[in-house]
Amino acid sequence: MAIDDAMMDRRSFLSRLGTGVFAAAFGGAAGFPKRANAESPGTASPGRLLASAPVLQNAAETSIGVSFAVNALASGWVEISKSPDMSGAKRVYSGTGGLMDVNDRFALVRIRGLRPATRYWYRIGADRMEFKRYRPFNLASEADGKIHSFTTLGPGAGGSFCVIADTHQREPALGMTLAKLQELKPSVVIWNGDATGNFNTTLDDAMKTFIHVHPDYPEYAADTPWMFVNGNHDFRGLFNRHLQDLMMFRELDERAGRYASLGRNFVQRLGDIALIGLDTGEDKPDAHPYFGGVVKFEPYRRLQTRWLADMIETPAVKTAKFKVAFCHIPLSDANPAHNAGDEIDMERAAEWHRPCAQMWGPLFEKAGVNLVVTGHTHRFRVDPPCMGRTWTHMVSGGCDIWEKGAKRKFPTVIEGLQTPDGLHIRVHNATNGKIEYERTFT
Ligand SMILES: [Fe+2]
Ligand SMILES: [Fe+2]
């Protein structure tokens, strides 16, 4: 549904209710009357309804996702404009099908019908709701006073991407990483897994991981879209089994119906670069006792292999001058003694994932992928192309900080810049600003 359609649906809905104008709690957007049911039971709570800045996610050519926290039962929305003064703004509501979402903790809004490679301005807001038995009452609208902006992706988009991983909710390293991102101002950030500290048992845990990520950076993803890729820790804990409730899956129409379950995979263009997102899943075989018999990542990885084989034949990949893939667990390791993720080992964690490497590696080769960026080991390294592998493999650092950079353990921000000479990769050490590695793919 285009943004025009979403707005029209809501207006006719309100007119059928016969609602009256209600004053906004604060802020408010010109052109959008604040409404409440005529027989409304009254405003229950005078406190601020919006409880966080927006978090942009799932960037794409013609759509983007926005999530934010609320303090009371509410139905969230986003107002979006092509102008910084919000002239001609259109309001987009949450939910799919006939019902808008009503939730007392967060709102997810998917904005569709956008133009590729185009800058938009937006602000978030929500309608405070109350239910009397089965009937919803719309008490008041509240709009955020702050306007943010983003630019959609596409072959015409410019700028850079940045990759971070293994932030694990460790505030010191995450703060340094977010500071570096703020300085670099990329067009998009790929959060390459293990955002979760250890596990997310409850919604509160997950809100801290993904919405209130760091006290010094409350607007960490308000003006730059983040593409989230699962790491093995992002599958752990009861709430993470429903993580799409908070960090939404990608649009269904970004993939064919047979791949409907691949909610985290993506192929998106940032100018000349095809960005390819894959999910390595957990780091142990499905039969490992650790999982209690309730995981099935092996068929999930095989389905991704079929998806990847199809995607590399699409114009988005075939016409891209550069191809960069992202997944959490490394796809190569020169040490034969390391656990390769394909055996039931009760002692050692997997250092890499041989089954994914065997399935996806030949497809990367066929597609001419230049670079595969992974994480998981929390230790920066580069594996140059070698016999049997034409693509460069780069493993990012994570939340571990070892003094003097010993063992290459430091948080990294891997930056991919489009330059006249080609795709320039710079690896920033977030602890001291040093560029640890750079290379241009031509
Ligand atoms: Fe990790
Ligand atoms: Fe990991």
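Residues numbered from 1 in each chain as written. Chains lettered and ligands numbered in written order. Predicted model: local features only at pLDDT ≥ 70, side-chain atom pairs only at ≥ 80, totals over all residues.

Q: Report on the overall build of the protein, specifying residues and quantitative values.
A: Within the protein, the secondary structure is distributed over 6 helices and 22 strands. In the protein, which comprises 442 residues, the proportion classed as buried is 48%. A separation threshold of at least 6 residues defines the contact pool for the protein, and within that pool the share at least 24 residues apart is 67%. (Helix = DSSP H or I, 4+ residues; strand = E, 2+ residues; numbered from the N terminus. Buried ≥ 20, exposed ≤ 12 C-beta atoms within 10 Å, placed from the backbone. Contact = placed C-beta atoms within 7 Å.)

Q: Can you lay out unusual backbone geometry for me, pointing to particular residues and giving the numbers?
A: One non-glycine residue, Asn58, lies in the positive phi region at around 55°. Within the element layout of this structure, Asn58 appears in the loop between strand 3 (55-57) and strand 4 (64-69). Even without a glycine there, the phi angle at Ala117 is positive, about 50°.

Q: Could you give an account of helix 6 (residues 354-367), with specific residues and numbers?
A: For helix 6, with 14 residues, the first-to-last C-alpha span of 20 Å sits near the 20 Å given by 1.5 Å per residue. Along helix 6, the largest kink reaches about 35° and is centred on Trp360; proline Pro362 follows within four residues of it. (Expected span 1.5 Å × (residues − 1). Bend = angle between axes of the 7 residues up to and from the residue.)

Q: Go over the confidence of the model for the protein, please, and point to the residues and values.
A: When pLDDT is averaged across the protein, the result is 90; 88% of the residues are at 70 or more. Contacts from residues 38-45, a stretch scored under 50 in pLDDT, to residues over four places away or in other chains number 13 contacts. (pLDDT = per-residue confidence, 0-100.)

Q: Tell me about the sheet that holds strand 19 (residues 392-395), and please be specific about residues and values.
A: Here we have 6 strands laid out as an open sheet, ordered 14-15-16-17-19-18, and mixed in their pairing. Both outer strands of the open sheet, strand 14 (266-270) and strand 18 (381-383), are each paired with one neighbouring strand and no more. When the angles between neighbouring strand axes are averaged without regard to direction, this sheet yields 20°. Relative to strand 19, strand 17 (residues 371-374) runs parallel, the two sharing 4 bridges. Directly across from Val373, in strand 19, lies its bridge partner Met394. (Pairing = 2+ DSSP bridges. Axes fitted to C-alpha atoms, helices over the stretch in contact; angles between N-to-C directions.)

Q: Break down the pairing of strand 7 (residues 106-111) for me, with residues and values.
A: Burial within strand 7 is extensive, with 6 of its 6 residues counted as buried. A two-sided burial pattern is seen for strand 7, the buried positions comprising Phe106, Leu108 and Arg110 on one face and Ala107, Val109 and Ile111 on the other. By the bridge criterion, 6 bridges tie strand 4 to strand 7 in an arrangement that is antiparallel. Along strand 7, the bridge assignment pairs Ile64 with Ile111.

Q: Now, about the packing of helix 4 (residues 297-311) against helix 6: what can you tell me, with residues and values included?
A: In the contact formed by helix 4 and helix 6, the axes pass within 10 Å of each other and the chain directions differ by 5°. Taken together, helix 4 and helix 6 sit at an angle that is classed as roughly parallel. On helix 6, the residues that touch Arg301, Thr305, Leu308 and Ala309 of helix 4 are Pro355, Cys356, Met359, Trp360 and Leu363. (Parallel < 35°, antiparallel > 145°, perpendicular 65-115°, else oblique.)

Q: Can you tell me about the environment of Ala72, naming the residues and giving the values?
A: By the secondary structure assignment, Ala72 is in the loop between strand 4 and strand 5 (74-81). Residues Ala72 and Ala51, spaced 21 residues apart in sequence, show a C-alpha to C-alpha distance of 9.2 Å.

Q: Lay out the environment of Gly197 in plain terms, naming residues and giving numbers.
A: Tracing the backbone through its elements, the reader meets Gly197 in the loop between strand 12 (188-191) and helix 3 (203-210). You can call Gly197 partly exposed: it has 17 C-beta atoms within 10 Å. Sequence-distant contacts of Gly197, defined by excluding residues within four places in its chain, comprise His168, Gln169 and Thr209.

Q: So what's going on with helix 3? Residues and values would help.
A: Among the residues of helix 3, those classed as buried are Ala206, Met207, Thr209 and Phe210. In an axial view of helix 3, the angular spread of the buried residues amounts to 165°, which keeps them on one side of the axis. Tucked into the core, helix 3 has its buried residues touching strand 3 and strand 4. (Arc of directions from axis to C-beta.)

Q: With reference to specific residues and values, describe the environment of Ile164.
A: Within the secondary structure, Ile164 sits in strand 11 (residues 160-164). Note: C-alpha distance between Ile164 and Thr374 (210 residues apart in sequence) is 9.4 Å. The residues contacting Ile164, other than those within four sequence positions of it, are Thr177, Val189, Trp191, Asn192 and Val413.

Q: An account of the pairing of strand 6 (residues 90-93) is requested, with residue identities and associated values reported.
A: Judged by which residues are buried, strand 6 turns out to be covered on both faces: Lys90 and Val92 on one side and Arg91 and Tyr93 on the other are all buried. Here strand 5 pairs with strand 6 via 4 bridges, running antiparallel. Residue pairing in the sheet places Trp77 in a bridge with Tyr93 of strand 6.

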